[in-house]
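# Architecture and fold: a report
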Amino acid sequence: MSDPVIRINKMNKWFGNFHVLRDINLNVAAGEKIVICGPSGSGKSTLIRCINRLEAHQEGEIEVEGITLDGSLKNLEDIRSNVGMVFQQFNLFPHMTVLENCTLSPIWVQQKPKAEAEKLARELLARVRIPDQADKYPGQLSGGQQQRVAIARALCMNPRIMLFDEPTSALDPEMIKEVLDVMVELAEEGMTMLCVTHEMGFARQVADRVIFMDEGEIVEENAPEAFFSNPENERTQLFLSQVL
Amino acid sequence: MTGFTPTPARPAPANTVGFVGWARENLFATKLDSLLTVLAITLILYVMKVVFGWAVIDASFSGSDRTACLKDVQGACWPFIEAKFGQFIYGRYPDAERWRVDLVFAAGLIGLVPMLMPNVGHKRANMIFLLGFYPVFAFIMLTGGVLGLAAVDTTDWGGLLVTLVVAVTGIVASLPLGILLALGRRSDLPIVRALCIGFIEIFRGVPLITVLFMASVMLPLFLPDGVNFDKLVRCLIGVALFSSAYMAEVVRGGLQAIPKGQYEAAAALGLSYWKTTRLIILPQALKLVIPGIVNTFIGLFKDTTLVLIVGLFDLLGIVQLHFTDASWATPETHITGYVFAGAVFWLFCFAMSRYSIFMENHLSTDRNGS
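All values derive from a computational prediction rather than experimental measurement. (Residues numbered from 1 in each chain as written. Chains lettered and ligands numbered in written order. Predicted model: local features only at pLDDT ≥ 70, side-chain atom pairs only at ≥ 80, totals over all residues. Heavy atoms only, no water.)

## Some points on the overall build of chain A
The helix and strand tally for chain A stands at nine helices and 10 strands. Taken over the C-alpha trace, chain A has a radius of gyration of 18 Å; the compact-globule value for 244 residues is 18 Å, and the two agree within 12%. Taken across its 244 residues, chain A has 55% of its residues classed as buried. Of the contacts formed within chain A by residues at least 6 apart in sequence, a portion of 66% connects residues at least 24 apart. Total accessible area on chain A stands at roughly 10,400 Å², and carbon and sulfur atoms take up 45% of it. (Helix = DSSP H or I, 4+ residues; strand = E, 2+ residues; numbered from the N terminus. Rg over C-alpha atoms; globule rule 2.2 N^0.38 Å. Buried < 20%, exposed > 50% of the residue type's maximum accessible area, 1.4 Å probe, protein only. Contact = heavy atoms within 4.5 Å. Areas by Shrake-Rupley, 256 points an atom, 1.4 Å probe, with all protein chains shown as cover.)

See below:
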């Protein structure tokens, strides 16, 4: 395994007095795909939100591509343009067209010329299989299409790491597959991915490691085959018996 | 396996669509509905007859003094408006210099109309003209004293000119100030937040009349000797600060309606606070509160009448002033003057209201819109 692109060492986080993440240790190698699962409230979303510092941690270290995450603003923008994020609720900007959503960061953060940004955005929209929706507004698209726009928007920053926060949880069953297909493709191209998801089929298909979290701790981590067929921890067994 | 073929759509039954369908559904759906419809139509016709009788049939249209308006059944006294029209528009602005005011009005229209039409291009140039060039131009033209223009003291300004100067300055200043105050009130910096809350609550908590009195009477007491600026300018500042406090609360309502996810998505894309605010948050927040913003504008436009109490004569003030003219003393002079002033105010406010509805529809990006 090559040098880790994400290093998390004894990280702790509190919301007020509530201890959400407890002594998290996690290294992620370049190109690795990690699926994080666990019951709601277990801190899995908070964990990946700490990786692009949407949440600030209080103790321990997080290092992304060699940059230590702390309070200084300069680091923050470097990290965020290297780390793409896809949200459960898509969070597209409803007042902008699909194309404008995708070119926003390239133009305003990476200072690319508009023509170049639009070309890139159209390529990526084609890659997520919605090339002909570029001039529509998000409100005119289905949930699955919106989530694929959100993936394209994140990819437009040309990130080296992608974070997915329950990307299919808000979708109708018929649309889950179209989003997962795009994610599988992305995984096959070698993107480093951390996905919070309950799509166990997806985990089996692409994950290098599956992490199970409960009560703010990493309870178990293992390769998907071993994780699903032979979970070590009782808590993991209980959880799997409920979701599978 | 059988295939699924959707049933083809059929047209709606004949008497449920078109005008007949509409009338059946909306005007005559039940006996009570029919009765109310007839009553309402009767009332509307009656009011129209009274208004029309007063404004047209019994009205006087020509004459040069009060004798024109002393018929037995006398309606509106329009010659009064005609004779005083110049005063109502320009106040005591010298006759020979009124072309300067006309020019300022015309330039304002030329700048404003294309700005308000979404599909006319060159918005940036238009903006520079309206916010950069126009205020300077208007200031030089209206006050004079340079470029060979005769100086006209602001105490000679009056009528619609003062109304528009106060309202337009208030509107133009209150929106950006209000936005900054609203952002400040939601800031993470405690001192900024405290200052903004203090400002908003103080100005929102006192009547505009108090603010105008303070600006006009108290402020000079605090200024060093010799420093004294124009009464109109002091009123403008008072009105702008007052309305910006209201505007701030309207804008804050819009800011609070933006979901947290929008901030998070913007942050995840690497946008800074100001870029997020400018590109993501404000366009959505302001769109949501267009009705509130225009409501504040309309309130401000009508509140300009209060400058009367510090000795400035706006449109309403100057109309009232001319009631005392003995050569026009008739029983109908007052009502005609008030109707005229009311109609002018209504025209401006109604235009703002219609434009806000147009903009709301234009900016809508939901499934049916865009």
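## Observations concerning the pairing of strand β1 (residues 4–15) of chain A
Residue and element names in this part refer to chain A. Bridge count for β1 against strand β2 (residues 18–29) is eight bridges, and the pairing is antiparallel. Each residue of the ladder has a partner; that of P4, found in β2, is A29. Connecting the antiparallel pair β1 and β2 is a turn made up of two residues, with G16 showing a positive phi of about 60 degrees. Sheet analysis places β1 next to strand β4 (residues 59–64), joined by five bridges and oriented antiparallel. Its bridge partner being in β4, R7 is matched across the sheet by E63. (Pairing = 2+ DSSP bridges.)

## Section: the pattern of salt bridges
Tallying each qualifying case throughout the model produces 25 salt bridges over all chains. Between R49 of chain A and E55 of chain A there is a salt bridge, with its nearest N and O atoms 3.1 Å apart. Take R49 of chain A: its relative accessible area is 11%, and that puts it in the buried class. By relative accessible area, which is 14% here, E55 of chain A ends up buried. Residues E249 of chain B and R204 of chain B are paired through a salt bridge, measuring 3.8 Å at the closest nitrogen-oxygen approach. (Salt bridge = Lys/Arg side-chain N within 4 Å of Asp/Glu carboxyl O.)

## Thoughts on the pairing of strand β9 (residues 209–214) of chain A
Residue and element names in this part refer to chain A. With six of six residues buried, β9 is to be regarded as a mostly interior element. Side chains of β9 alternate between two faces, with R209, I211 and M213 and V210, F212 and D214 buried alike. Taken together, the five bridges between β9 and strand β10 (residues 217–222) define a ladder with antiparallel strand orientation. Each bridged residue has a counterpart across the sheet, and for V210 the counterpart in β10 is N222. Here β9 hands over to β10 after two residues, with E215 in that stretch at a positive phi of 50 degrees.

## Digging into the sheet that holds β9 of chain A
All names here are of chain A. With mixed pairing, the six strands of this open sheet are ordered in space as β6-β7-β8-β3-β9-β10. Each end of this open sheet is capped by a strand with a single partner; those strands are β6 (83–86) and β10. For this sheet, the mean inter-axis angle between neighbouring strands, taken without regard to orientation, is 20 degrees. Each of β3 (33–37), β6, β7 (161–165), β8 (192–196) and β9 touches helix α1 (residues 44–51); the most contacted strand, β7, lies at about 150 degrees to it. (Axes fitted to C-alpha atoms, helices over the stretch in contact; angles between N-to-C directions.)

## Examining the environment of A226 of chain A
Turning to its location among the elements, A226 of chain A is positioned in helix α8 (residues 224–229). When the C-alpha atoms of A226 of chain A and R209 of chain A are compared, they prove to be 9.7 Å apart, with 17 residues separating the residues in sequence.

## Overview of helix α7 (residues 190–205) of chain B
Over its 16 residues, α7 of chain B extends 22 Å from the first C-alpha to the last, a length consistent with the 22 Å expected when each residue adds 1.5 Å. For α7 of chain B, the secondary structure elements touched by its buried residues are α6 (159–185), α8 (208–222) and α9 (231–256) of chain B. (Expected span 1.5 Å × (residues − 1).)

## Re the interface of chain A and chain B
Each partner contributes to the interface: chain A provides 25 residues, whereas chain B provides 23 residues. Counting each side, the surface lost to burial between chain A and chain B is near 2,100 Å², with a carbon and sulfur contribution of 62%. Contact with chain B buries surface across chain A, with F93, H95 and W108 of chain A losing the most and accounting together for 27% of the total. One can count one salt bridge joining chain A with chain B. One salt bridge connects E264 of chain B with R49 of chain A, and the closest N-O pair in it is separated by 2.6 Å. At the junction of chain A and chain B, the tally comes to seven residue pairs in polar contact (both at pLDDT 80 or more). Looking at the side of chain A that touches chain B, the elements that each hand over two or more residues are α2 (73–82), β6 and α3 (98–108) of chain A. (Buried area = accessible area lost by both parts, 1.4 Å probe. Polar contact = N/O pair within 3.5 Å; in protein donor to acceptor, adjacent residues only side chain to side chain.)

## Focus: a nonpolar patch on the surface
All names here are of chain B. Taken together, I209, F213, M214, V217, M218, L221, F222 and I309 make up a surface patch of nonpolar side chains, about 760 Å² in accessible area. Topologically, I309 is positioned in the loop between α12 (290–303) and α13 (315–322). On the basis of relative accessible area, I309 is assigned to the partly exposed category, the value being 35%. (Patch = residues over 30% accessible without salt bridge, like charges linked within 9 Å, V, L, I, M, F, W, Y side chains within 5 Å.)

## Quick notes on the nonpolar core
Ranked by size, the top nonpolar core spans 115 residues in total, and within it I8, I36 and L194 of chain A together with W157 and I280 of chain B carry the most contacts. Examining the composition of this core, we find that 12 residues originate from one element, α6 of chain B, more than from any other. In this structure, this core is formed jointly by two domains, domain 1 (89–156) and domain 2 (158–314) of chain B, each of which donates at least three residues. By size, the runner-up hydrophobic cluster in this structure holds 48 residues, among which are V98, I151, V179 and C195 of chain A. (Core = buried A, V, L, I, M, F, W, Y, C linked by side-chain atoms within 4.5 Å. Domains from an automatic or database assignment.)

## Description of the state of the cysteines
What makes a disulfide is a covalent bond joining the sulfur atoms belonging to two cysteines. Summed over the entire model, instances satisfying the criterion amount to one disulfide over all chains. Each sulfur in the disulfide pair C69 of chain B and C77 of chain B lies 2.0 Å from the other. Since a negative S-S torsion denotes a left-handed disulfide, the C69 of chain B-C77 of chain B link at about 75 degrees is right-handed. Side by side, C69 of chain B and C77 of chain B carry an identical accessibility label, which is buried. Left unpaired, C102 of chain A is separated from the closest cysteine sulfur, that of C156 of chain A, by 4.6 Å. By relative accessible area, which is 0% here, C102 of chain A ends up buried. (Disulfide = S-S within 2.5 Å.)

## Quick look at the packing of aromatic side chains
Residues and elements named next belong to chain B. For the coordinates displayed, the defined rule picks out 21 aromatic pairs over all chains. Measuring from ring centre to ring centre gives 6.4 Å for F129 and Y134, while their planes differ by 40 degrees; the resulting arrangement is tilted. The buried category is assigned to Y134, whose relative accessible area is 16%. Seen in terms of ring centroids, Y355 and F358 are 5.9 Å apart; in terms of plane orientation they differ by 40 degrees. Their pairing is tilted. Of this pair, Y355 and F358 both sit in helix α14 (residues 333–363), three residues apart, roughly one helical turn. The partly exposed category is assigned to Y355, whose relative accessible area is 27%. The rings of F80, F85, F88, F323, W328, Y338 and F340 are connected pair by pair, giving a single aromatic cluster. (Phe/Tyr/Trp six-rings, centres within 6.5 Å; stacked < 30°, edge-to-face > 60°.)

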